[in-house]
Amino acid sequence: MDKIRTDVLEMLSIVPDGASLAVGGFGLTGAPIMLCDALCELDKRDLHIVANNAGIDPTGVGRLAQEGRLRKFTGSFPSNKNFFSLFHEGRVELELVPQGTLAERMRAAGAGIPAFYTPTGAGTDLATGNYPARYDSDGNVVQWLEPKDVRVFNGRPCVLETALACDFALVKAHRADRLGNLAFRLGSRNFNVPAAMAGAVTFVEAQNIVEVGAIEPDAVHLPGVFVQHVIQSTGGWVGNPNPPGASW
Amino acid sequence: MDKIRTDVLEMLSIVPDGASLAVGGFGLTGAPIMLCDALCELDKRDLHIVANNAGIDPTGVGRLAQEGRLRKFTGSFPSNKNFFSLFHEGRVELELVPQGTLAERMRAAGAGIPAFYTPTGAGTDLATGNYPARYDSDGNVVQWLEPKDVRVFNGRPCVLETALACDFALVKAHRADRLGNLAFRLGSRNFNVPAAMAGAVTFVEAQNIVEVGAIEPDAVHLPGVFVQHVIQSTGGWVGNPNPPGASW
Amino acid sequence: MSVDERIGWSRDGLAQRAADDVPDGAYVNLGIGIPMMIPSRLPEGREVWFHTENGILGLGGVPEPDQIDLDVQNAGKEYATMVEGASTFDSSLSFAIVRGGHLDIAVLGGMQVTPSGDLANWTAPGRTPGVGGAMDLVTGAKQVWVVLDHTDRAGKAKLMRRCTLPLTGARCVTRIYSTLGVFEPAGAHFDCLELAPGVDEQTVRGLTDAEVVFAGGGR
Amino acid sequence: MSVDERIGWSRDGLAQRAADDVPDGAYVNLGIGIPMMIPSRLPEGREVWFHTENGILGLGGVPEPDQIDLDVQNAGKEYATMVEGASTFDSSLSFAIVRGGHLDIAVLGGMQVTPSGDLANWTAPGRTPGVGGAMDLVTGAKQVWVVLDHTDRAGKAKLMRRCTLPLTGARCVTRIYSTLGVFEPAGAHFDCLELAPGVDEQTVRGLTDAEVVFAGGGR
């Protein structure tokens, strides 16, 4: 069993236009930038991206958004100006999801849980469907979010959320072996685990490809059974769009 | 913040008779035997134990069962002869649950998910309620399992399962610090993580109590926020009820 | 009447006032903005555990330039540090902590808050909305504190009878730290627990679009 | 007609026959009993990853006495070993792997199985029932193989038109390795893909309580 690949373009060529992809990362921390870049170079289009952020600047998912390669974005923080222009021009659909619900829906997909109830968002516009999902080119709302089923548990209204299964996942790991076992570093684990679980086929760019056994059994953050393809990451991000500021 | 306790009987004296307790371990691997023993010494009764096994021999949950301290057992593998005698004599209630559903219901309780759908068990006696939950002293069934709601997702019937919130949890860890951060070793993690999540108040017996920082951030298997009390384990199990056999 | 006109607490003073009330041993999540100024203002010796949505429990303050680690940021995507005893986890466990009721306090910014504890803070006309973890936090944390200017830049009240903006959550706010004082939603009115230095009851009444009951008994 | 009478494959032979069919690179869960004899019978050079419900992926064979580690057991609570590249996890992730469809094969024991693929294997009158992970496995694994004696100790067929015992799962079995041969549920009948050495069609027909279609075309 050897899941190590060497040619990123060849590896990702199996992703068809129109595919759905779960993408790890929070902002740019742990974001699989090399894999996103490769999708751009392969000129993939009409993608449904499931990720926390639509990208703050034209990097990672931000680049895919900027280049107009998205037909739909599902996530909690699509605060990317370019993305919003496209959204209000009717060129992309938005499914806005609370962040915890997003993570749980991605995990559920990989865990064989088709749906779950959560109190998060109950009664809000994101649950009642009173929020736009798509505009036309004149800026009129032509589609709203789906209203969610509500059921009361322990006196508390909860909404039914469904699993977010994706055709593929793009993940960045700190260490990976040929079996696909993954270990992450500090705050870069974030959405990479739920994304890897959500994807039917999961691609991993790894900062370090290590020998089998180098990741101790107890240190594996995600077992290789969730991973299909691993490739050496050639870079990562170096700049931070938000320089360390006085506001902290 | 110091969650380290030194007197196991004093620590567990806050558990009232009738309490519900999630208990970690799979068979005796990772089972919090010292904590179970202390509940026996404190003469706690009418307990609702939520655990995978009812104990193979009179150790851990097996001792609690053997001594007749259970009013109810929720689990997947209650194959303890003594427990079954008590069950058929009408002295204890049984909620038989598929193992994966059990783990997920415990995790759900700690994750604020009141209920979820799963295909596991759909259409079986455990879902339709065609299985005894309680007998009378003459061996007649006086209560059946609750029938579960069914809903079809992607063409597949799924049952609604609810969170298994418990008043307390008993957990065995390999390493713990005063903040309650836990690390487990190999196959002993098993139900200890879901149990710690299910308990409103979680007690941990740790094989090793270590300095804060000794467990690297990426090596923490369960953050201290899920743990309220930690005590040094004085032992553990030494014998194996199933000696290594020719059947493997 | 905005904070720039310096009636009541400054941003610093507001962060300090909220920090004073964070109890020892608490598990706390901080929203973007003024709440993120709390850690560096905690009274000496107080051990508070800061949780961040992106998967860290035990967040510390701002790193020195030579301490910057690309893998350690807060939920506002600013560089941060980790304290000894910190732990890291994925987003689904991070929100299990939030949703499961394991956080003592979420300190959030706010656009509008009502006497019944309704909060609006995730979107407004002309803003690019990002809901992030706000709805999870107001649902899951044991206490929800809101830290805000008492009025918006146009001088309009943010403490008001009914939210006109889309709700983040209903009946979720337990405490309000505004530039003018400390308040609690009390159902039909706000209880004012404390006035900021130099602020009088009449000023608060004039800048609040709901009944306010003062600790001294005044209304 | 039980396995003790040595018609068809012995327990060893049965485990060997199933082991021969486990493909290279497969992720496989093994039930208690004969399935657990498979790992040591895998053909040389075949890399198969064994998953165990209690939270290990990469289970190995029986340890030498001086290798026994109390923290490493299989789902049958027997001591086991781990191979290089193994990983450990908690029970909720373990069953995310099972339920989420990430296992290629679950190899289970069986009491009754039908041509439509229904399986009963978790309880019977007089047995102390323990459902364990069986219902999760038959729901989640891509293929469900059942390994069993062709008949019970009383000589009654285990391959039968309808299960009389409570179901573990409906329409879940994809392959049957019995002491008499290899079969697949085909809806209204069993397809017999292979007969065990020395077993003829007539014997199988006589000991099966459902129609059997043989690979050679015989019925």
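Position numbers for residues count from 1 along each chain, tracking the sequence in the order it is written. Here the convention is simple: chains get letters from A, ligands get numbers from 1, in the order in which they are written. Note on the predicted model: pLDDT of at least 70 is required for a residue's local features to be given, and 80 or more for side-chain atom pairs to be given and counted; whole-chain, interface and lining totals, by contrast, use all residues. The side-chain numbers reported here are obtained from all heavy atoms of the structure, hydrogens and water having been left aside.

Student: Tell me what's going on with the side chain of Thr74 of chain B, and back it up with residues and numbers.
Tutor: Checked against the element boundaries, Thr74 of chain B lands in strand β4 (residues 70–75). In this analysis, two residues are considered to be in contact whenever any of their non-hydrogen atoms come within 4.5 Å of each other. Excluding anything up to four places from it in sequence, Thr74 of chain B contacts His48, Ile49, Val50, Ala51, Glu95, Val97, Leu102 and Leu164 of chain B. Note on conventions: DSSP H or I runs of at least 4 residues are helices, E runs of at least 2 residues are strands, and numbering of each starts at the N terminus.

Student: An account of the packing of aromatic side chains is needed here, citing residue identities and associated values.
Tutor: Residue and element names in this part refer to chain A. Under the pairing criterion, centres of Phe, Tyr and Trp rings, with the six-membered ring standing for Trp, must be within 6.5 Å; the plane angle then separates stacked pairs below 30 degrees from edge-to-face pairs above 60, leaving the rest tilted. Going through the model one piece at a time under the given rule, you end up with 19 aromatic pairs over all chains. A centroid spacing of 6.4 Å and a plane angle of 10° characterise the contact between Phe83 and Phe87, whose relative ring orientation is stacked. Linking Phe83 with Phe87, this pair stays in helix α4 (residues 81–88), spanning 4 residues, or about one helical turn. Just as Phe83 is buried, Phe87 falls in that class too. On the numbers, 5.0 Å between centres and 55° between planes, the contact of Tyr117 with Phe153 is tilted. With Tyr117 in strand β6 (residues 115–118) and Phe153 in strand β9 (residues 150–153), this residue pair connects regions lying 36 residues apart in the sequence. Residue Tyr117 shares its accessibility class with Phe153, and that shared class is buried. Members of the aromatic cluster, joined through ring pairs, are Phe73, Phe83, Phe84, Phe87 and Tyr135. When accessible area is computed with a 1.4 Å probe and restricted to protein chains, residues below 20% of their type maximum are described as buried, those above 50% as exposed, and intermediate ones as partly exposed.

Student: Could you give an account of the interface of chain B and chain D, naming the residues involved and the relevant values?
Tutor: Taken together, the contacts link 45 residues of chain B with 45 residues of chain D. When two parts are brought into contact, each loses some accessible area as probed by a 1.4 Å sphere; the total of that loss over both is the buried area. Where chain B abuts chain D, roughly 4000 Å² becomes buried across the two surfaces, and 60% of that area is made up of carbon and sulfur atoms. We define a salt bridge as a contact between a side-chain nitrogen of Lys or Arg and a carboxyl oxygen of Asp or Glu at a distance within 4 Å. Linking chain B with chain D are 2 salt bridges, by the criterion used here. The shortest N-O distance in the salt bridge between Asp69 of chain D and Arg185 of chain B comes to 2.5 Å. Polar contact is defined as a pair of N or O atoms within 3.5 Å, subject to the rule that within protein one atom must be able to donate a hydrogen and the other to accept it, and that residues adjacent in sequence are counted only when both atoms are side-chain atoms. Our count for the chain B to chain D interface comes out at 16 residue pairs in polar contact (both at pLDDT 80 or more). Of all elements in the fold, only α5 (99–111), α6 (125–128) and α7 (192–198) of chain B reach the threshold of two or more residues within the side of chain B that touches chain D. Residue polarity follows a fixed list, in which Ala, Val, Leu, Ile, Met, Phe, Trp, Tyr, Cys and Pro are nonpolar, Asp, Glu, Lys and Arg are charged, and the others, Gly among them, are polar. Class assignment of the residues belonging to the side of chain B that touches chain D gives a composition of 20 nonpolar, 19 polar and 6 charged.

Student: Kindly report on the confidence of the model for chain C, identifying the contributing residues and their values.
Tutor: Confidence along chain C averages 93 in pLDDT terms, with 95% of residues attaining 70 or more. Here the complex is predicted with pTM 0.96, and the ipTM for its interfaces comes to 0.95. A residue's pLDDT is the confidence the predictor assigns to it, expressed on a 0 to 100 scale.

Student: Provide a residue-level description of the sheet that holds strand β12 (residues 212–214) of chain C, including the pertinent values.
Tutor: Residues and elements named next belong to chain C. Taken in spatial order, the 10 strands make up an open sheet running β4-β3-β2-β1-β5-β8-β9-β10-β11-β12, and their pairing is mixed. The strands lining the two open edges of the sheet, one partner per strand, are β4 (82–88) and β12. Neighbour-to-neighbour, the strand axes of this sheet turn through a mean angle of 25°, independent of strand direction. In this structure, strand β5 (residues 105–109) lies alongside strand β8 (residues 143–148), joined through 5 bridges in parallel fashion. Considered in β8, the bridge of Gly109 is made with Val147. Axis lines are fitted to C-alpha atoms, over the contacting stretch for helices. Their N-to-C directions set the angle, which ranges from 0 to 180 degrees. Sitting on the sheet, helix α1 (residues 11–21) touches β8, β9 (175–178), β10 (181–185) and β11 (190–195), and the angle it makes with β9 is about 150°. Pairing between two strands is assigned when DSSP locates at least 2 bridges connecting them.

Student: Could you give an account of the packing of α5 of chain B against helix α2 (residues 91–99) of chain D, naming the residues involved and the relevant values?
Tutor: At a minimum axis separation of 9 Å, α5 of chain B and α2 of chain D run at an interaxial angle of 130°. The orientation of α5 of chain B relative to α2 of chain D falls into the category oblique. When the axes of α5 of chain B and α2 of chain D are compared, the crossing they make is left-handed. Residue-level inspection shows Gln99, Gly100, Thr101, Ala103, Glu104 and Arg107 of chain B of α5 of chain B in contact with α2 of chain D, the latter providing Ser91, Ser92, Phe95 and Arg99 of chain D. Considering only residue class, the contact of α5 of chain B with α2 of chain D consists of 2 nonpolar, 5 polar and 3 charged. Note that the term roughly parallel is reserved for angles under 35 degrees, roughly antiparallel for angles over 145, roughly perpendicular for angles of 65 to 115, and oblique for everything else. Left-handed describes a crossing in which the near helix is turned anticlockwise from the far one by less than a right angle; the clockwise case is right-handed.

Student: Can you lay out the environment of Leu102 of chain A for me, pointing to particular residues and giving the numbers?
Tutor: Residues and elements named next belong to chain A. Considering the arrangement of structural elements, one finds Leu102 in helix α5 (residues 99–111). Taking the relative accessible area as the measure of exposure, Leu102 reaches 0% and is therefore buried. Residues Leu102 and Leu28, 74 residues apart in the sequence, show an inter-C-alpha distance of 18 Å. Setting aside residues no more than four positions away along its own chain, Leu102 makes contact with Val50, Ala51, Asn52, Thr74, Gly75, Ser76, Val97, Leu164 and Phe191.

Student: Please provide a residue-by-residue account of the side chain of Asn192 of chain B, values included.
Tutor: Residues and elements named next belong to chain B. Of note, Asn192 is situated in helix α7. A polar contact is formed between the side chain of Asn192 and the backbone oxygen of Ser188, at a distance of 2.9 Å. Discounting chain neighbours no more than four positions away, the residues touching Asn192 are Gly24, Gly25, Gly30, Leu170, Val171, Lys172 and Phe184.

Student: Would you mind going over the pairing of strand β8 (residues 141–144) of chain A in detail, with residue names and values included?
Tutor: Residues and elements named next belong to chain A. Judged from the 3 bridges that link them, strand β7 (residues 132–135) and β8 form a sheet pairing that is antiparallel. Considered in β8, the bridge of Arg134 is made with Gln143. The antiparallel pairing of β7 with β8 creates a hairpin that spans 5 residues between the two strands, and Gly139 there sits at a positive phi of about 85°.

Student: Summarise the pairing of strand β2 (residues 49–52) of chain D; cite the residues concerned and give the values.
Tutor: All names here are of chain D. Burial of the side chains of β2 extends over both faces: Trp49 and His51 are buried on one face and Phe50 and Thr52 on the other. As paired elements, strand β1 (residues 27–30) and β2 share 3 bridges and run parallel to each other. In the strand pairing of β2, Val28 is matched with Phe50. Linking two consecutive strands that pair antiparallel, namely β2 and strand β3 (residues 56–59), is a turn of 3 residues; a positive phi of about 110° is found at Gly55 within it.

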